[in-house]
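The lines below spell out each chain.
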Amino acid sequence: ALLDVEGDVRIATELDVFGDGTFHSNTSSTNSSTGAVVVTGGIGISENANIGANLDVDGTGRIANDFTVESAGITRLQNNSQSTATNNGALIVAGGAGIARNANIGENLVVGSTGRIGNDFTVQAAGITRLQNSSLSFSSGDGALIVTGGAGIGRNTNIGGDLTVEATGTTSLESTVQSNSTNTGSLVVEGGVGVGRNVNIGENLDVQGVTTIGTMN
């Protein structure tokens, strides 16, 4: 049977519908008080809900299970809150985050624990990499920066403290610049040099001060 009512219908108590309900009004919703269906209180839905247009949540949204955005969809967070710690910002993730593709960060990246990079790490020409850690280095396995493999440096290197080459390492200077004084050559040392073993010089030895030889063989 069909009940056709042209005016308003008010139900003072509960309304139980055991079949499907269809609302033919196509009025769009722009806030919580407009649209084809307006519910003053809460709404409980036991099964799926399919929304053909936008979903606007004015309060907090909680998802108890997985949240999936289909491949053609884009998730945008309009909140522009800055992040200064792991518990603030526009997006806060209590657990880990897995990202299968590129991640572009417009400002700083702060890692509170260990950072691991599985492939290449590139700093663009205009970028500067700063390590704020001030730990001293006493061997190849400690310090603010530890490199397990080799290091290739294309330009100058300035070291404010000591430079130590471990017993199993060899230091090679590829430069072939000739030395004509104490401030020219491939290796220039402002202070003294202490050598515990043999020294082999392929060309001339020029000593401007006193030469002391402890043993002659």
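Bear in mind the structure is a predicted one, so any value in this text is a computation, not a measurement.

Quick word on the overall build of the protein chain
Moving on, step 1. For the protein chain, the helix and strand inventory stands at zero helices and zero strands.
Moving on, step 2. Computed over C-alpha atoms, the radius of gyration of the protein chain comes to 36 Å, more than 25% over the 17 Å expected from 2.2 N^0.38 for 217 residues, which places it beyond the range of a compact globule.
Moving on, step 3. By its C-alpha atoms, the protein chain is 125 × 30 × 25 Å across when sized along the principal axes.
Moving on, step 4. Every one of the 217 residues in the protein chain was classed for burial, and the buried ones make up 0%.

Section: the pattern of salt bridges
Moving on, step 1. Within the structure shown, the criterion is met by one salt bridge.
Moving on, step 2. One salt bridge in this structure joins R10 and D8, with 4.0 Å as the shortest N-O distance.
Moving on, step 3. Residue classification places R10 among the exposed positions, given a relative accessible area of 72%.

Observations regarding the environment of S28
Moving on, step 1. Overall, the relative accessible area of 55% leaves S28 in the exposed class.
Moving on, step 2. With 25 residues separating them in the primary sequence, S28 and A53 have C-alpha atoms 9.7 Å apart.
Moving on, step 3. Dropping the residues within four chain positions of it, S28 is found in contact with T34 and G35.

Basis of the calculations
Residues numbered from 1 in each chain as written. Predicted model: local features only at pLDDT ≥ 70, side-chain atom pairs only at ≥ 80, totals over all residues. Heavy atoms only, no water. Helix = DSSP H or I, 4+ residues; strand = E, 2+ residues; numbered from the N terminus. Rg over C-alpha atoms; globule rule 2.2 N^0.38 Å. Buried < 20%, exposed > 50% of the residue type's maximum accessible area, 1.4 Å probe, protein only. Salt bridge = Lys/Arg side-chain N within 4 Å of Asp/Glu carboxyl O. Contact = heavy atoms within 4.5 Å.

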